Amino acid sequence: SSDLQVADGGGYTTAFLLINTTNTAETGELRFTNSDGSPMPTGPAGASAVRYSIPPNGLFRFETNGAPAAVRVGAAQVIPDAGSTAPAGAEIFGQTVSGKLVTESGVAGATPTTRARLYIDQSGGHDSGLALEALGSSPLTVTLQAFQSDGVAPVGETATIKLFAGGQTASFVRYLIPELPSGFQGVLDIAAPSPFAALTLRALTNTRGDFLLTAFPLADLNRPAPTPLIFPHIADGGGYRTEFVFLGAGDRKSTRLNSSHV
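Just so it is clear, the structure is predicted and the values come from calculations on it, not from any experiment. (Residues numbered from 1 in each chain as written. Predicted model: local features only at pLDDT ≥ 70, side-chain atom pairs only at ≥ 80, totals over all residues. Heavy atoms only, no water.)

For the structure on display, the rule yields 6 aromatic pairs. Here Phe-16 and Phe-32 contribute two aromatic rings whose centre-to-centre distance is 5.6 Å and whose plane-to-plane angle is 55°, an arrangement assigned as tilted. With Phe-16 in strand 2 (residues 12-19) and Phe-32 in strand 3 (residues 26-33), this residue pair connects regions lying 16 residues apart in the sequence. Neither residue differs from the other here; Phe-16 and Phe-32 are each classed as buried. (Phe/Tyr/Trp six-rings, centres within 6.5 Å; stacked < 30°, edge-to-face > 60°. Helix = DSSP H or I, 4+ residues; strand = E, 2+ residues; numbered from the N terminus. Buried < 20%, exposed > 50% of the residue type's maximum accessible area, 1.4 Å probe, protein only.)

Applying the stated criterion across every chain yields a total of 10 salt bridges. Across the pair Arg-51 and Asp-81 runs a salt bridge whose closest N-O atoms are separated by 2.8 Å. Residue Arg-51 is found in strand 4 (residues 49-54), and its partner Asp-81 is found in the loop between strand 6 (72-80) and strand 7 (88-97); the two are separated by 30 residues along the sequence. The exposure class assigned to Arg-51 is partly exposed, which follows from its relative accessible area of 48%. We classify Asp-81 as partly exposed; its relative accessible area is 25%. (Salt bridge = Lys/Arg side-chain N within 4 Å of Asp/Glu carboxyl O.)

Put into structure tokens, the structure is as follows:
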């Protein structure tokens, strides 16, 4: 199954995109849960699950209606029917204020892991958020430890998050590890004894006061990084710039970055 996050209400909506990459039909359910693992009424008529049926090489799209006055967050899981393969999953979440779209970002489905690292940036109006989901049938304790950019020197106390079975939580890292200094840039190590799904969000409050969000990938310490690592698009100039962040998932390595343009 694929694991996704969901935000609905208070101006937020989440659209889910499921793509069938095979030559046979795929069927199953898209299920929504609250932070305690209970069903989350996000589907039509308050349903907590949506059926999907995707033709070969086809697409299924579902979007929450954003009706609740206050934002509610939870998790979404793609559950294929017995004998059916799982589709590729992604989501697009956005916030609309006074009828105007303020921020929108796409997120790929999370891959289960037991150990990962992510980039933390609290400088220049930025902030780093973390969403976690327990994937097993038992409660799960997740351990968090922040490090300097060298990945070795710890910063602040080790924090723990206790999740319900199938439960979810989301918070900014500065609340999870309050000892982080102002403007901190570094690495957060996440570990648990059984699989979890994780999503990190990079936030920015710009000079107009807009609250902007973008998804940021994790470095999964259980999987080797692809070689070569390819960034299919960069932009520079005319007000645009591109920032590259590399996270070490093992022994010290040197990296060469090559660029080309058309």
